[in-house]
Structures are given as C-alpha cells and as structure tokens.
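Structural description and commentary
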Amino acid sequence: MNLFDLPRPFVYGCIFVLGCCFGSFLNVCIHRFPSRYKLWDQLKALNSSRSGCPKCGAAIQWRDNIPLLGWLMLAGKCRNCRRPISFRYPFVELLTGLLFVLMYWIEMPPDRYVSIQQAGLYTVLGPQNITDHLSPDVWLHLRYSLHMMMICCLIVATFIDFELRIIPEACTDPWIVVAILASTAVGQCFIVPLWFQDLSVANILREELPSVLKPLMFYWDAVEFAQRHPHLHGFLTSLAGFCMGYGVVWFVRTAGSRVLRQEAMGEGDVWLMAMIGSVIGWQPVLIAFFIAPLLAIASALITWLVRGDRYSPYGPWLSMATVLVLVGWPTVWPAAKRIFDMGPALVPIAVFMMSALVVSLQLTQLIKRILGFPLYYDEEEPTPEWSSADHLTYYNAERPDEQTGQWQVSQWPGCRAGRGLSQSYRWRHDSR
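The structure displayed is predicted, hence computed values, not measured ones.

As a further point, take helix 6 (residues 173-186). Between its first and last C-alpha atoms helix 6 spans 20 Å; for 14 residues at 1.5 Å apiece the expected length is 20 Å, and the two agree. Taken together, the buried positions of helix 6 are occupied by P174, I176, A179, I180, S183 and V186. Turning to helix 6, the residues buried within the fold contact helix 2 (39-44), helix 5 (136-164), helix 9 (230-260) and helix 10 (267-280). G187 occupies a position one or two residues after helix 6 and carries a positive phi of about 80°.

What follows is the structure in structure tokens.
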C-alpha cells in the first residue's frame, strides 16, 4: 500500500499523537542532560531511574505520564505533594506535536495524485532526479524522519540553553553520526545536491579573470554524480554540511573572542550548527546561519531593555532559523539560489566576508576607544582582589578570639600573630 493512500486528517492526528509522545521523552532529556558533564553519562542518565516529581521525588504513575492529558488531569499539580508542575512539560509536548504535523504538511505532497513538485522542500535538482533507487513515498518519509530527529534535538538544546546557557553534548554529537550514516544509507535525504552552479556565470567569470585564475572557474555536474553514486553523494553532502556548519560558527567564535576578548559564541553553538549541517546540507545551513543573527539581535535588544542583561543565548536562534528555513523554503530558496549559482566564485566572496567581519570588529573597538567607552566588559566591572588583609579581617570577624569562653591557655605568640590577633590579645589581657 502506498503511504499516501491514508486520509490526510487521520495521518495528521496520528503524527500529532506521536509527536506529543516524543515531546514527553524530550522533557526527560531537558531535565537530565544538564545534570551530567560527559556525553556517555548524559546518555546513561536517560535510563538511570524512574521519573519522579521534581519537588517531592514521588514516582509518577503511568496515567500521569500521558502526554498533555496527564498534566491536565492533575490540574498542573503533583498528585503527592500538590505543588505546581512546571508548564514547560505540557508546552514541550504540545510544541513537538505541532512541529511534527507542520513539517509533515510542509514536506509531503498534498496527496498521492499530486506531483512531488507540490512538496514544500522541492527543488529542481532535488533527490527526485535519482531514479531506480527508492520510490518517492519512501525517501520523502525517510528524509522527514531525519529532519524530525534534528528538530527534536533543537528543542532540547533550545530549552536547556535558555535556562542554563549550555548545550550538552548529547543534543548534538550522537546525531551527527546518525545523520551521516542515514544520509549515506538512504542516498536521497538531501534537499539540494552537493554542488551546482550556473554555467553562464562560470563562463563570464572565466573570460574576465586573469589566465592564472581561469582554471578555478570549473564546472561540475553533481546531479549526474548523484545518479551514478547516490550513497557516496549522500555521504559527501552530509559531510560538507557538517564542515560548513562547524566552520562558520567556529570562525565567528574565534574572531569575536580574540578581538572582543569575550566569548562571542559557545562551543555548544559550534556543534549544534555542525549537527544541523550534517542533516540539511551546507547550502541550507549557511542560509540559516545568516538568518539567525536577525532573530538574535532583536532578542538581545529586548532582553537588554527589559532586564539589562547583555548576554543572550544564541543556540535557540540558530534552531529557530533552521526551522524557518525549512518552513519557508519555497520563498527562501529562489532568492538564495542566485548566490549559490555562482559556483567557485563563492570562495573569494567567502574570504572577503570573513575579512570584512574581522575588520568591522576592529573598527567597533576603535570607535569605542575614541568615544571613551570601555573596550572590554572587565574594564567596566573589575573583579575585586581578595588580599591577605581582607582574609585576616574576615577571619577576625568570624572568630575574634579562639579562647573566648575558655580558660586561658598559654601558647606560642606566633600563633596569634599569624592570625592578626597579637595586638588585640595584649590589649585584652596584658593591660590588667
């Protein structure tokens, strides 16, 4: 039976229930991952013990674990201690269920009788060009499953990063391996191929460049390569996405840290973007990377105006930008494709943009110096030093005389001198 034969409302209902069940599991990940430091310990924490109330520790009954309904039947309170249960638990379940339905609606054709061109992630150079491999209903659902695995990781990373400003390794590292293996095994999980370009652009640039640089304007038809070697092409596409996602965030993090002398992005953001790239490829992850700052800047301004907090986690906005790219693919891709059609010319453009980023950071520091603003935050709020005098003052305030309430015992004067108590002792006792 074709997977598109089932009535679509029935499919949406089943997918929503499945998504809510996954959301219940994601709540466990959000709760337990931050309590462990190493990757293996984080994974083992998922099976460490039975779920219990965060307040009183009472074991949660099976009927209270039903997604959404369990929280509603308990009226948001623990059955044992009657303390409120965080609204985050049903919210994550509801959000996951809705995203499962939304992405299925985006990625699948409306029904089996409609061309695959009606699917939201359709591109002319997409996986449908690989024939005699997998039928459309199979590889579409496999790609959808891989994307939902990524979105589940993004949900966990987002809520942990918002609360603790960290992204545990369990949210990213295992799924990079899974994405590369799945892309290799299926061979049709990509959205756009590993490489494509407009031949006319290459010809124009080849005529304008010096003879030494003309060989750089090569032309390669990756679609033909994907048709002949689908599994190798899937592996290379996922690997290139991993390298691009890791590389761009690593460069921004390194440049910002060296110029501004503060952490521009966390290491978790680097691996989060690498995981995203290994799933969706290097072109879509690059688009998401340029959309994320727009979301992050708006959020940072609001956070600074409302709470006066200069720091804002960046992982949630990388995650949101990724989802927006997938949801808005029919609108985003036609505009972005014009840039990627330039082919090898993207390399000098990338070098220019990286250099421009470093120069702009240096200019920012120069303008701050001219206007008299502190260049680094540690200049504005210096950390006080704890001197030996401060230590003695603190110790004296805590225990001014070690023999208070006791018979006087003779001891070497150096003991009291080392604690800064010799003068006080003489004034109290020798003046009698």
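Tracing the backbone through its elements, the reader meets S319 in helix 12 (residues 315-327). Of the polar contacts made by the side chain of S319, one reaches the side chain of T158; its length is 3.4 Å. If we ignore the near neighbours within four places in the chain, the residues touching S319 are L154, T158 and L272.

There is a patch of nonpolar side chains on the surface, built from V359, L363, L366, I367, I370, L371 and F373 and spanning about 710 Å² of accessible area. Note on placement: F373 falls in the loop between helix 14 (346-371) and helix 15 (377-380).

The subject of this paragraph is the pattern of salt bridges. Using the criterion set out here, one finds 4 salt bridges in the structure. Between E163 and R88 there is a salt bridge, and its shortest N-O distance comes to 3.9 Å. Residue E163 is located in helix 5, and its partner R88 is located in helix 4 (residues 88-107); the two are separated by 75 residues in the primary sequence. Judged by relative accessible area, which is 56%, E163 ranks as exposed. Judged by its relative accessible area of 18%, R88 falls in the buried class. Linking D341 and K337 is a salt bridge whose minimum nitrogen-to-oxygen distance equals 3.1 Å.

Analysis parameters
Residues numbered from 1 in each chain as written. Predicted model: local features only at pLDDT ≥ 70, side-chain atom pairs only at ≥ 80, totals over all residues. Heavy atoms only, no water. Helix = DSSP H or I, 4+ residues; strand = E, 2+ residues; numbered from the N terminus. Expected span 1.5 Å × (residues − 1). Buried < 20%, exposed > 50% of the residue type's maximum accessible area, 1.4 Å probe, protein only. Contact = heavy atoms within 4.5 Å. Polar contact = N/O pair within 3.5 Å; in protein donor to acceptor, adjacent residues only side chain to side chain. Patch = residues over 30% accessible without salt bridge, like charges linked within 9 Å, V, L, I, M, F, W, Y side chains within 5 Å. Areas by Shrake-Rupley, 256 points an atom, 1.4 Å probe, with all protein chains shown as cover. Salt bridge = Lys/Arg side-chain N within 4 Å of Asp/Glu carboxyl O.

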